[in-house]
Amino acid sequence: MTIDQRDRASYPLPMGHDELPALELAFPGPERDRGVAAILSGRKTALTGLLEIYEHAGEAVPQTGQRFSVLDSEGRSAVTIELVDVRVVAVEDIDDDFARAEGRGYSDVAQWRAAHEEFFRSDGVSEFLGRTAVFDDDTLVVAERFRVVEQDGPGGPVTRSCVGL
């Protein structure tokens, strides 16, 4: 994505789906499908990305007000979201409220932490990073809260993707 495209993605003006940066939850398959369904149902209003993934990919941390097209497992736009809060925090700073807002049935931060440690230390993430990520109290994550802008139909091509859970 060019800097111009990234800047345009943060404007609150209507845009075609092919101009929005894409956001992919987990990897294609059941985990992504559950995440997209949770967004569409309104249960999921937060997501977490590993800061190291953004750095490794050479991508900027998303900004409040930025919009994304969330892709389903088929690579189609399923929903457009707008970030309402973005924080880079240590894992130890995630609380029960944020864990529940992830909409994946976590009753507390301990369940959130176990699921995120498993994902961020998974073979797929390790392959992308070229090593297994460290996941401890001091690990920095990008904690994002969002609102649904609109439910999408099949979308066109997208410009970028980042993996979060």
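Residues numbered from 1 in each chain as written. Predicted model: local features only at pLDDT ≥ 70, side-chain atom pairs only at ≥ 80, totals over all residues. Heavy atoms only, no water.

K.L.:
Go over unusual backbone geometry with me, naming the residues and quoting the values.
P.N.:
A positive phi angle, near 50°, is found at Ala 26, a position not held by glycine. Within the secondary structure, Ala 26 sits in the loop between β1 (22-25) and α2 (30-41). Owing to a relative accessible area of 2%, Ala 26 belongs among the buried residues under this scheme. (Helix = DSSP H or I, 4+ residues; strand = E, 2+ residues; numbered from the N terminus. Buried < 20%, exposed > 50% of the residue type's maximum accessible area, 1.4 Å probe, protein only.)

K.L.:
Mind laying out helix α5 (residues 109-120), listing which residues take part and the relevant values?
P.N.:
Helix length check: α5, at twelve residues, gives a terminal C-alpha distance of 16 Å against a target of 16 Å (1.5 Å per residue), a fit within 8%. Among all positions of α5, only Trp 112, His 116, Phe 119 and Phe 120 are buried. Angularly, the buried residues of α5 cover 85° about the axis, an arc narrow enough to put them on a single face. Projecting away from the buried face of α5 at angles above 90 degrees are the exposed residues Ala 110 and Glu 118. (Expected span 1.5 Å × (residues − 1). Arc of directions from axis to C-beta.)

K.L.:
Please give an account of the packing of aromatic side chains that cites residues and values.
P.N.:
Applying the stated criterion across every chain yields a total of four aromatic pairs. With a centroid separation of 5.5 Å and 45° between ring planes, the pair formed by Phe 27 and Phe 119 is classed as tilted. Of this pair, Phe 27 sits in the loop between β1 and α2 while Phe 119 sits in helix α5, and the two are 92 residues apart along the sequence. Looking at Phe 27, the relative accessible area reads 35%, which means it is partly exposed. Take Phe 119: its relative accessible area is 9%, and that puts it in the buried class. Through successive ring pairs, a cluster of aromatic residues spans Phe 27, Trp 112, Phe 119, Phe 120 and Phe 135. (Phe/Tyr/Trp six-rings, centres within 6.5 Å; stacked < 30°, edge-to-face > 60°.)

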